[in-house]
Amino acid sequence: MADTPLPAPVGPLVDIAALLPPRGALIGLDLGTKTIGVAGSDPDRRIATVIETVKRTKFTAEAQRLVALADERRAVAFVLGLPLNMDGSEGPRAQASRAFARNFARLAGRPIALWDERLSTAAVERALISADMSRARRAEVVDQHAAAFILEGALGFLDRLVENQEETDRED
């Protein structure tokens, strides 16, 4: 029997952060029912930029495309938006995102960090409207911009973790 690779670790970013190398690009994902928005960071994790929108078809094809994008950018991990309810509870969309993460972990080859994405799409929609973008064009790009919004939040969190650790090290 052939050895099947172990699934990549999946969990909240606060837990996955310890598994990440100090440098390396991250790939942000906004999982929708029809599309997956994809964004990426630079290796120093300072800037999140939009990459593309992957059309949802078959899971294996989606996963292969996401892995190819991560490989192209030498990404060390994925950050998947977790759409929690406003009260912090998990509804059907959050459960679907967790199921996607569990399945994707078998193919991803790198950790998958879950990041609270409450209101990310709404915030992006407002920004695109204020930029006077047409409804049709917004529909084309909203998911990848939501992925960048999710990734920016995660990058800020990781930056604060590093700052706090450096402060703790100086105090010791």
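Residues numbered from 1 in each chain as written. Predicted model: local features only at pLDDT ≥ 70, side-chain atom pairs only at ≥ 80, totals over all residues. Heavy atoms only, no water.

By size, the foremost hydrophobic cluster in this structure holds 27 residues, and its most contacted members are Leu29, Val38, Leu66, Phe78 and Phe104. Among the secondary structure elements, those contributing two or more residues to this core are strand E2 (26-31), strand E3 (35-41), strand E4 (48-55), helix H2 (59-72), strand E5 (77-82), helix H3 (92-108) and strand E6 (112-116). When residues of this core are assigned to their parent elements, the largest contribution, 6 residues, is made by H3. Not counting the four nearest positions on each side in its chain, Leu29 is found in contact with Ile36, Gly37, Val38, Leu66, Phe78, Val79, Leu80, Gly81, Phe104, Ala147 and Ile150. (Core = buried A, V, L, I, M, F, W, Y, C linked by side-chain atoms within 4.5 Å. Buried < 20%, exposed > 50% of the residue type's maximum accessible area, 1.4 Å probe, protein only. Helix = DSSP H or I, 4+ residues; strand = E, 2+ residues; numbered from the N terminus. Contact = heavy atoms within 4.5 Å.)

Let us look at the environment of Ala17. Within the secondary structure layout, Ala17 lies in the loop between helix H1 (13-16) and E2. With relative accessibility at 16%, the residue Ala17 sits in the buried group.

Before going further, it helps to spend a moment on H3. Residues spaced three or four apart along an α-helix face the same direction, because each turn holds 3.6 residues. For H3, with 17 residues, the first-to-last C-alpha span of 23 Å sits near the 24 Å given by 1.5 Å per residue. Packed against the buried residues of H3 are strand E1 (10-12), E2, E3, H2, E5 and E6. In the segment just after H3, Gly109 is the residue with positive phi, at about 70°. (Expected span 1.5 Å × (residues − 1).)

Taken together, the 6 strands give an open sheet; going across it, the order is E1-E6-E5-E2-E3-E4, and neighbouring strands pair in mixed fashion. Looking at which strands have only one partner, the edges of the open sheet turn out to be E1 and E4. In this sheet, neighbouring strand axes are inclined to one another by 25° on average, regardless of whether the strands run parallel or antiparallel. Taken together, the 7 bridges between E3 and E4 define a ladder with antiparallel strand orientation. Paired with Thr35 across the strands is Lys55, a residue of E4. Sheet strands touched by H2: E2, E3, E4 and E5. Its angle to E4, the strand with the most contacts, is close to 155°. Lying over the sheet, H3 contacts E1, E2, E3, E5 and E6, oriented at roughly 165° with respect to E5. (Pairing = 2+ DSSP bridges. Axes fitted to C-alpha atoms, helices over the stretch in contact; angles between N-to-C directions.)

Turning next to the pairing of E3. Along E3, 7 of the 7 residues are buried, which leaves the element largely enclosed by surrounding structure. A two-sided burial pattern is seen for E3, the buried positions comprising Thr35, Gly37, Ala39 and Ser41 on one face and Ile36, Val38 and Gly40 on the other. Bridging between E2 and E3 involves 5 bridges; their strand directions are antiparallel. Paired with Gly28 across the two strands is Ala39, which belongs to E3. Where E2 folds back on E3, the antiparallel hairpin that results is connected by 3 residues.

On to the pattern of salt bridges, then. In total, this model carries 8 salt bridges according to the counting rule given. Where Glu62 meets Arg56, a salt bridge forms, and the shortest distance between an N and an O atom there is 3.0 Å. For Glu62, a relative accessible area of 2% translates into the label buried. Arg56 gets classed as partly exposed once you look at its relative accessible area, which sits at 26%. Close ionic contact of Glu72 with Arg73 constitutes a salt bridge, the shortest N to O distance being 3.2 Å. Classification of Glu72 as exposed rests on a relative accessible area of 52%. Owing to a relative accessible area of 34%, Arg73 belongs among the partly exposed residues under this scheme. A single salt-bridge network, built from bridges that share partners, covers Glu52, Arg65, Glu72 and Arg73. (Salt bridge = Lys/Arg side-chain N within 4 Å of Asp/Glu carboxyl O.)

Glancing now at unusual backbone geometry. Even without being a glycine, Arg45 presents a positive backbone phi close to 60°. Within the fold, Arg45 resides in the loop between E3 and E4. Here Arg45 falls in the buried class, since its relative accessible area comes to 12%.

Any link to function would need more than the numbers given here.
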